[in-house]
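# Summary of the model geometry
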Amino acid sequence: QIEEGCCQLVSHLYLCHIISKGDGSTHASSKSSSAGDDDTDAKLKECYRWLIESNKSEVYGEGYRKAAVAYERMCENGGGLLTLLEYVCVHLDLPPGA
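## Quick look at the nonpolar core
If you look at the biggest cluster of nonpolar residues, it comprises 14 residues, and the most contacted ones within it are C6, L9, Y64, L84, V88 and L94. For this core, the secondary-structure elements that each account for two or more residues are α1 (2-21), α3 (61-76) and α4 (81-91). Ignoring any residue separated from it by four or fewer positions in sequence, one finds V88 in contact with I2, C6, D93 and L94.

Below, the structure written as C-alpha cells:
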C-alpha cells in the first residue's frame, strides 16, 4: 500500500504539473498536433488525475490518499516529495500522523 500509494502520488503530482503548464507534450512531433488532439490530451490528463483521486482500491486508492496526506504535512513543515520518499525508503512506512 505504501509503495503503490507513493507511485500514485508521484503520478498525480506529475499530472497536476503538466495540466497546470497547459502543454504536457514531451515529444517534438506532438507539437504539430491539431487543436482537437490538444483538447483530447487535456481531457485525458484530467481523467487520469480524477481516476487516481477517486480510486477505491485499498492498495492504490487508500495508498494514494495516505501518501497525499503525508506529502501535504511534509510540505507544511518545509519538506517536499524528496523528503517524503527518503523517509519511506529509510522507515518503510509513511511518517506518523499521515
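## A look at the packing of α1 against α4
For the pair α1 and α4, the least separation of the axes is 12 Å and the interaxial angle reads 165 degrees. Between α1 and α4, the angle is such that the two are roughly antiparallel. α1 and α4 meet at a crossing whose hand is left-handed. Every residue of α4 that contacts α1 at I2, C6, L9, V10 and L13 is listed here: L81, L84, L85 and V88.

## Some details on the pattern of salt bridges
Evaluated as defined, the whole model comprises three salt bridges. With its nearest N and O atoms 3.4 Å apart, the salt bridge here joins K43 to D39. Taken together, the residues K43 and D39, both in helix α2 (residues 35-54) and four residues apart, mark about one turn of the helix. We classify K43 as exposed; its relative accessible area is 55%.

## Points about the packing of α3 against α4
Two elements in contact, α3 and α4, have axes whose closest approach is 9 Å; the angle formed by their N-to-C orientations is 120 degrees. Relative to α4, the element α3 is oriented oblique. Crossing of α3 against α4: the hand is right-handed. Across from A67, A70, Y71 and M74 in α3, the residues of α4 making contact are L81, T83, L84 and Y87. The residue makeup of the contact of α3 with α4, split by class, is seven nonpolar, one polar and no charged.

## Comments concerning α1
Across its 20 residues, α1 extends 29 Å between first and last C-alpha, which sits within 8% of the 28 Å expected from 1.5 Å per residue. Restricting attention to buried positions, one finds in α1 the residues G5, C6, Q8, L9, H12, L15 and I18. Backbone geometry just after α1 places G22 at a positive phi near 85 degrees.

## Quick notes on the state of the cysteines
Counted under the stated rule, the structure contains zero disulfides. Between C7, a cysteine without a disulfide, and C6, which holds the nearest cysteine sulfur, the sulfur-to-sulfur distance is 7.2 Å. For C7, a relative accessible area of 43% gives the class partly exposed. Take C89: it sits in no disulfide, and the sulfur closest to it among the cysteines is that of C6, at 8.4 Å. On the accessibility criterion, C89 (62% relative accessible area) is exposed.

Each value, and the rule that gives it
Residues numbered from 1 in each chain as written. Predicted model: local features only at pLDDT ≥ 70, side-chain atom pairs only at ≥ 80, totals over all residues. Heavy atoms only, no water. Core = buried A, V, L, I, M, F, W, Y, C linked by side-chain atoms within 4.5 Å. Buried < 20%, exposed > 50% of the residue type's maximum accessible area, 1.4 Å probe, protein only. Helix = DSSP H or I, 4+ residues; strand = E, 2+ residues; numbered from the N terminus. Contact = heavy atoms within 4.5 Å. Axes fitted to C-alpha atoms, helices over the stretch in contact; angles between N-to-C directions. Parallel < 35°, antiparallel > 145°, perpendicular 65-115°, else oblique. Left-handed = near helix turned anticlockwise from the far one by under 90°. Salt bridge = Lys/Arg side-chain N within 4 Å of Asp/Glu carboxyl O. Nonpolar A, V, L, I, M, F, W, Y, C, P; charged D, E, K, R; others polar. Expected span 1.5 Å × (residues − 1). Disulfide = S-S within 2.5 Å.

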